[in-house]
Amino acid sequence: MRLTAGPGTMSGGSANFLLVPIPEFPLPDSALARTVKIAVLGASNVGKTALIVRFLTKRFIGDYEANTGECVSVLLKQNKKKSQPSSSSFILVINPLSGSAGALYSRKVTLDGEEVSLQVQDTPCVALQDDPEGLYCQEQINRSIYWADGYVLVFSITDHSSYRTIQPLYQHVRRIHPSGNIPVILVGNKSDLLRARQVSADEGETLAASLGGAYFEVSARENHEGVHAAFLHLCQEVIRALGGGNGEKRKGGLHLARPKSPNMQELKRRFRQVLSSKVKSATTI
Ligand SMILES: Nc1nc2c(ncn2[C@@H]2O[C@H](COP(=O)(O)OP(=O)(O)OP(=O)(O)O)[C@@H](O)[C@H]2O)c(=O)[nH]1
């Protein structure tokens, strides 16, 4: 799902919602906290965005589908009114330029008494195809896979082909991270649609076991707890895999920045435009 509302934050004290993209460099507070980077991957229409929004806001994104242009700010405002502590605040970046780009969300969570800065990357859908690799993956997805520390692999229990996408998708992740333990969970979403079920819970369990991760059957539509438990479990797995230090892993000797947000590029472009118009008017005066 593509969200079209502008980004915002609910952690500030101002009544207005600010346009706060996540900078290319870590935020000051995330420099102090351990950072956990998670990519949510899966086929089309399985509920990737709905799961993320459910996790972050406790709301189901479908509640706002009739008015998607407003949904994010509505969610942010509703949560802000509750003036929750910082652990529930999050920042959202939306790419307004491309229908296929995913959004990056950032949120603080407390795990075993430790504050962790969690970054969640929504991604465009992947699709099975007949080439030797068996999977169509946009370049942006590859960058997200490379960037992330842990993976939520999502299928819909009502769509067997989305389930069949998972194994090649996992192999694809393994190709990008050939060595080491890959923290992963398997999520079978839409468990509220039992009558339309095409994938059994046993199939989910078996597949998860073969990937070396836990299986969660959830409904982003009906239940926050299951979704929350799944994300927290993955965070814990990531922290375990990252081990000591400040949680930032190094890959191939390089410290990797998160995938570049085209939104950031657009902001820079607009910033340059504003600057050049100021220069022009100053010259005119
Ligand atoms: N019944 C039901 N519908 C859901 C659930 N989760 C998501 N949906 C619906 O499924 C559709 C797809 O949800 P999205 O979150 O856009 O799925 P996505 O995987 O991000 O989709 P892509 O943009 O194609 O990658 C929407 O109509 C959602 O309202 C769920 O748990 N139960």
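This report concerns the structure included in the present document. Note that the coordinates shown come from a computational prediction; the quantities given were computed from them, not determined experimentally.

## Describing the side chain of Thr57
Part 1 of the reasoning: As for its placement among the helices and strands, Thr57 is situated in helix H2 (residues 48–57).
Part 2 of the reasoning: Only 2.6 Å separates the side chain of Thr57 from the backbone oxygen of Val53, close enough to count as a polar contact.

## Observations concerning the packing of aromatic side chains
Part 1 of the reasoning: By the definition in use, this model includes three aromatic pairs.
Part 2 of the reasoning: Considering the side-chain rings of Phe155 and Tyr215, the 6.1 Å spacing of their centres and the 5° angle between planes classify their relative orientation as stacked. Taken together, the residues Phe155 in strand E7 (residues 150–156) and Tyr215 in strand E9 (residues 214–217) connect sequence positions 60 residues apart.
Part 3 of the reasoning: Phe155 gets classed as buried once you look at its relative accessible area, which sits at 0%.
Part 4 of the reasoning: Among the aromatic residues, ring-to-ring pairing joins Phe155, Tyr163 and Tyr215 into one connected group.
Part 5 of the reasoning: A cation over an aromatic ring shows up here: Arg107 above the ring of Phe55, its NZ or CZ 5.1 Å from the ring centre.

## Topic: the environment of Asp122
Part 1 of the reasoning: Looking at where Asp122 falls in the secondary structure, it is placed in strand E4 (residues 114–122).
Part 2 of the reasoning: Judged by relative accessible area, Asp122 falls into the buried class, the value being 4%.
Part 3 of the reasoning: A polar contact of 2.6 Å, which involves the side chain of Asp122, links it to the side chain of Thr49.

## Let's talk about the environment of Lys58
Part 1 of the reasoning: Examined against the element boundaries, Lys58 turns out to sit in the loop between H2 and helix H3 (68–81).
Part 2 of the reasoning: For the pair formed by Lys58 and Phe155, sequence separation is 97 residues and the distance between their alpha carbons is 20 Å.
Part 3 of the reasoning: With sequence-adjacent residues up to four places away left out, Lys58 is seen in contact with Val53 and His224.

## Some details on the pattern of salt bridges
Part 1 of the reasoning: Enumeration over the complete set of coordinates arrives at three salt bridges.
Part 2 of the reasoning: Here Glu114 makes a salt bridge to Arg34, at a shortest N to O gap of 3.1 Å. With Glu114 in strand E4 and Arg34 in strand E1 (residues 34–42), the pair connects residues that are 80 residues apart, well separated along the chain.
Part 3 of the reasoning: Between Arg240 and Glu237 there is a salt bridge, with the nearest N and O atoms lying 2.9 Å from each other. Of this pair, Arg240 and Glu237 are both found in helix H8 (residues 224–242), three residues apart, which corresponds to roughly one turn of the helix.
Part 4 of the reasoning: Note on Arg240: relative accessible area 60%, which makes it exposed.
Part 5 of the reasoning: Judged by its relative accessible area of 24%, Glu237 is partly exposed.

## Some thoughts on the pairing of E7
Part 1 of the reasoning: Most of E7 is tucked away: seven of the seven residues are buried.
Part 2 of the reasoning: Neither face of E7 is exposed, since Gly150, Val152, Val154 and Ser156 on one face and Tyr151, Leu153 and Phe155 on the opposite face are all buried.
Part 3 of the reasoning: Pairing of E1 with E7 involves five bridges; the strand directions are parallel. Note that in E7 the partner of Gly42 across the bridge is Val154.
Part 4 of the reasoning: By the bridge criterion, six bridges tie E7 to strand E8 (residues 184–189) in an arrangement that is parallel. Bridged to Val152 within E8 is Ile185.

Rules of the game
- Per-chain numbering applies: the sequence of each chain, read as written, is numbered from 1 onward.
- pLDDT decides what is reported in this predicted model: residues at 70 or higher carry local features, side-chain atom pairs at 80 or more are listed and counted, and totals for whole chains, interfaces and linings draw on all residues regardless.
- As a convention, hydrogens and water are excluded, and side-chain values are obtained from all of the structure's heavy atoms.
- Helix numbering and strand numbering both begin at the N terminus, where a helix is a DSSP run of H or I of at least 4 residues and a strand a DSSP run of E of at least 2.
- Identification of polar contacts relies on pairs of N or O atoms within 3.5 Å, with a donor-acceptor requirement for protein atoms, meaning one able to donate a hydrogen and the other able to accept it, and with residues adjacent in sequence counted only if both atoms are side-chain atoms.
- Only rings of Phe, Tyr and Trp enter the pairing, Trp through its six-membered ring, and a pair is recorded when the two centres are within 6.5 Å. The plane angle decides the type: under 30 degrees is stacked, over 60 is edge-to-face, the rest tilted.
- Burial classification: accessible surface area is computed with a 1.4 Å probe over protein chains only, and a residue below 20% of its type maximum counts as buried, one above 50% as exposed, and the rest as partly exposed.
- To sit over a ring, a charge needs its Lys NZ or Arg CZ within 6 Å of the ring centre and within 35 degrees of the ring normal.
- Here a residue-residue contact requires only that any non-hydrogen atoms of the pair lie within 4.5 Å.
- Salt bridge, as used here: a side-chain nitrogen of Lys or Arg that lies within 4 Å of a carboxyl oxygen of Asp or Glu.
- One requirement defines pairing of two strands: DSSP has to find at least two bridges between them.

The values are spatial; any link to function lies outside them.
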